[in-house]
Amino acid sequence: MIKFFYYIRQNQPFFVFILLFAYVQSIYSRVLVRGELNIYTFTPEAAIAKLIEVYLLFLVFMFFIKYWQPSERYSTKEMLKIFGSSILGYVLLMQTIGLLIAFLFDTIERNFNWQTAALSSFSYLLDGFIYGSFIIAYSYYHKNKKHQEEVASYNQALSESRINQLKAQLNPHFLFNNLNVLDQLIEEDKQKASEFLNEFADIYRYVLQATDKKLVPIHEELTFAIQYFKLIQHKYGDAYQLKIESSGSGYIVPLTLQLLIENAIQHNFGTSDTPICIKIEATDSLCISNNCIPKRNSKPTSGRALQNIKEQYKLLTPDPIEIRNSDKEFSVLIPIIQSK
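Residues numbered from 1 in each chain as written. Predicted model: local features only at pLDDT ≥ 70, side-chain atom pairs only at ≥ 80, totals over all residues. Heavy atoms only, no water.

Visitor: What exactly am I supposed to notice about the overall build of the chain here?
Guide: Counting secondary structure elements, the chain contains ten helices and seven strands. Pairs at least 24 apart in sequence give 72% of the contacts found in the chain among residues at least 6 apart. Total accessible area computed for the chain in this model is approximately 21,000 Å², and 59% of it derives from carbon and sulfur atoms. (Helix = DSSP H or I, 4+ residues; strand = E, 2+ residues; numbered from the N terminus. Contact = heavy atoms within 4.5 Å. Areas by Shrake-Rupley, 256 points an atom, 1.4 Å probe, with all protein chains shown as cover.)

Visitor: I tried to follow the sheet that holds strand E5 (residues 285-291) on my own but got confused; where do I start?
Guide: Strand pairs in the sheet, formed through backbone hydrogen bonds, run parallel or antiparallel to each other. One open sheet holds the five strands; their spatial order is E2-E4-E5-E7-E6, and the pairing between them is mixed. The two strands at the open ends of the sheet, each matched to only one other strand, are strand E2 (240-246) and strand E6 (322-325). Adjacent strand axes in the sheet meet at a mean angle of 10 degrees when their direction is disregarded. Sheet topology note: the E2/strand E4 (residues 276-282) ladder contains seven bridges and is parallel. From the neighbouring strand, Lys 243 faces E4, where its bridge partner is Lys 279. Contacting E2, E4, E5 and strand E7 (329-335), helix H9 (residues 256-267) runs over the sheet at an angle of about 155 degrees to E4. (Pairing = 2+ DSSP bridges. Axes fitted to C-alpha atoms, helices over the stretch in contact; angles between N-to-C directions.)

Visitor: I would appreciate a short explanation of a negative patch on the surface in the present structure.
Guide: The grouping of Asp 183, Glu 187, Glu 188, Asp 189 and Glu 195 at the surface amounts to a negative patch. In terms of residue count, the dominant contributor to the negative patch is helix H6 (residues 114-188) (three residues). You can call Asp 189 partly exposed: its relative accessible area is 30%. (Patch = residues over 30% accessible without salt bridge, like charges linked within 9 Å, V, L, I, M, F, W, Y side chains within 5 Å. Salt bridge = Lys/Arg side-chain N within 4 Å of Asp/Glu carboxyl O. Lys, Arg positive; Asp, Glu negative; His and termini not counted. Charge placed at Lys NZ, Arg CZ, Asp CG, Glu CD. Buried < 20%, exposed > 50% of the residue type's maximum accessible area, 1.4 Å probe, protein only.)

Visitor: I'm lost on the UniProt feature "transmembrane region" (unreviewed entry) in the chain in this one. Help?
Guide: UniProt's entry tags residues 12-28, 48-68, 80-105 and 117-141 with the feature "transmembrane region" (unreviewed entry), counted in the numbering of this structure. Secondary structure content for residues 48-68 is 100% helix and 0% strand, and the end C-alpha separation is 30 Å. The distance from the first to the last C-alpha atom of residues 80-105 is 38 Å, and the span holds 96% helix and 0% strand. (UniProt positions renumbered as here; feature names shortened; annotations may be inferred.)

Visitor: Looking at this structure, how should I read the packing of aromatic side chains?
Guide: The description of an aromatic ring pair uses the distance of the two centres, along with the angle that the planes make with each other. In total, this model carries 17 aromatic pairs according to the counting rule given. Ring plane angle 20 degrees and centroid distance 4.6 Å describe the contact between Phe 14 and Tyr 138, whose orientation is recorded as stacked. Within this pair, whereas Phe 14 is found in helix H2 (residues 12-34), its partner Tyr 138 is found in helix H6, the two being separated by 124 residues in sequence. Taken as a pair, Phe 14 and Tyr 138 share a single burial class, namely buried. When the ring of Tyr 206 is compared with that of Phe 224, the centres are 4.6 Å apart and the planes differ by 25 degrees; the resulting orientation is stacked. (Phe/Tyr/Trp six-rings, centres within 6.5 Å; stacked < 30°, edge-to-face > 60°.)

Visitor: How should unusual backbone geometry be read in this particular structure?
Guide: Across residues other than glycine, the phi torsion is negative in most instances, and most of the peptide bonds are trans. The backbone of Leu 255 shows a phi angle near 70 degrees, a positive value even though the residue is not glycine. Residue position: Leu 255 is located in the loop between strand E3 (251-252) and H9.

Visitor: Can you help me understand the pairing of E5 in this one?
Guide: Here is the key point about a regular strand: its side chains alternate between the two faces of the sheet. E5 sits mainly inside the fold: five of its seven residues count as buried. Examined bridge by bridge, E4 and E5 share five bridges and lie antiparallel to one another. Its bridge partner lying in E5, Ala 282 is registered against Leu 286. Between the end of E4 and the start of E5, which pair antiparallel, lie two residues. With seven bridges joining them, E5 and E7 adopt antiparallel strand pairing. Note on E7: the bridge partner recorded for Ser 285 is Pro 335.

Below you can see the structure in the form of structure tokens.
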């Protein structure tokens, strides 16, 4: 009895549907047979009895599903085998119960002769097809839903693992590049090197915190970009300039702006007379652009940082990163993610 109510509670929407369907079926049958409406027409005992029968059919189906299909994958052949076996098993079960009841009350000749057994078998067979179709559809819907949730959970875990791997690559990249700047400043100007080191320590705290997050608010990244650009000015002065226009909100991948600013400086040669102007516009999307003055005899780069960003966004949003490159301007359009 406890198990009965447990299954009913676990599959409550399905059994409520079965009870309502059986109740409507009982009303239709009574009206069809008697041709009249009265209080007896609407009594629910036939629907409740049918619910108990369907519960037994449900248990038979669950037994064969568990026996023949333990995995989440299924085929049409397996489904037909389970369906047919369950219906036959249900008919045998109900006839066995009927035989035991007739034996207990000594009514085998009257209630369990060949004619009544044939009619009841046909009735059970018909019910098995009708209600068995509901059960198999519900079972495979439930199984498929569970499988989809597991696949989604696996893909989410895989994406987070991949993002963490990509961020682990960026952190040393940021540290290495700025230590190179510090090394050059120590030789050129120790005072500037000291100021750079203090500012770098503050900024690196943000880097360590940001790499633990998948997304950060745009305004935090813009603040970090301004602080990071001050480090750049310690070495290059006004050779590189930064302009920010922001009227949007949302989230982006941490350190996106820092990497794109660094990319503009790495590939272009700026001077006080002909500076490289880096412009960040944050509206519905994020656009980072700069004029192009390519460095002469520059070493070829792997493009790993930009590819790294593209891979992270690919895991987080269906909207792609767009790169536009011409002789005069290089720009990157980043999708803004509106929700974490």
